[in-house]
Amino acid sequence: MARIILILLGAVLVNNFVLRYFLGICPFLGVTGRVSSAIAMGFSVTFVMTLTAAIVWPINHFIIQGLHLPFLEYVSDILVIASLVQIIEMFVRKTSPALYRALGIYLPLITTNCSILFLALFIPLRKYSFLDSIVFGFGAGIGFTFVMLMMSAIREELDFAEVPKSLRGAPITLITAGLLALVFMGFTGLLGSA
């Protein structure tokens, strides 16, 4: 049980994909203008990451490694991710057209979100068990959602702040992202690299 908690907290805080590995920066900077969009994107990515971990592990373990076909790992990972994103996109389009329009191009871009591919490739490298993989995928998604929510809340507050003209827009957003990354670096060493 302690190992599961370490993997979860490690994925959320210590090894956060966005602020430690700088993966998934496109939606991090593009969708965090509003809290509602950031939460929706974060939940979508969490869903895709969790299911990707649950599907990729047996494929890698039983098919790729079992049949000695390592050259198919990237292809199988991308097919799993693309399929899951298509399911999410159809669901969001059907249930919430307004949210679908708000997320715009960033929703189908989850397919090319490097953090999800990194997750799929990282699981066999760390030799996680099936349960460890699911917890790692869920934790990575929660960590992604957490930083998306923090960044969007800060950006909404910055709309009312007196930001110097030369720093408005992208410059203050990048400075804020850098400061958040420094804050998350403070968690390094707390849990190791679970």
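Right, let's get into the confidence of the model for the protein. Residues of the protein with pLDDT of at least 70 account for 97%, and the chain-wide mean is 89. Between the elements of the protein, mean pLDDT differs from a low of 80, seen in helix α5 (residues 97-103), to a high of 95, seen in helix α7 (residues 130-158).

A separate point is the layout of surface pockets. Taken as a whole, the largest pocket holds about 170 Å³ of empty space. Taken together, G33, R34, R155, L158, D159, A161, V163, R168, G169, I172 and T173 make up the full set of residues lining the largest pocket. If you list the elements that add at least two residues to the lining of the largest pocket, you get α7 and α8 (170-185). When its residues are assigned to classes, the lining of the largest pocket shows 4 nonpolar, 3 polar and 4 charged.

Let us now look at the nonpolar core. The biggest cluster of nonpolar side chains holds 43 residues, and the ones touching the most others in it are L19, F28, M41, I110, L119 and F136. Contributing elements (two or more residues each) for this core: α1 (2-14), α3 (35-64), α4 (73-95), α6 (114-126), α7 and α8. At 9 residues, the largest contribution of residues to this core is made by α3. In this structure L119 touches F17, M49, T52, A53, F136, G137 and A140, once residues within four positions along its chain are discounted.

Reading the values: the criteria
- Residues numbered from 1 in each chain as written.
- Predicted model: local features only at pLDDT ≥ 70, side-chain atom pairs only at ≥ 80, totals over all residues.
- Heavy atoms only, no water.
- pLDDT = per-residue confidence, 0-100.
- Helix = DSSP H or I, 4+ residues; strand = E, 2+ residues; numbered from the N terminus.
- 1 Å grid on protein atoms, 1.4 Å probe; cavity = no way out; pocket = protein on both sides within 12 Å on 5 of 7 lines; lining within 4 Å.
- Points joined across faces, edges and corners; volume = space filled by probe spheres on them.
- Nonpolar A, V, L, I, M, F, W, Y, C, P; charged D, E, K, R; others polar.
- Core = buried A, V, L, I, M, F, W, Y, C linked by side-chain atoms within 4.5 Å.
- Buried < 20%, exposed > 50% of the residue type's maximum accessible area, 1.4 Å probe, protein only.
- Contact = heavy atoms within 4.5 Å.

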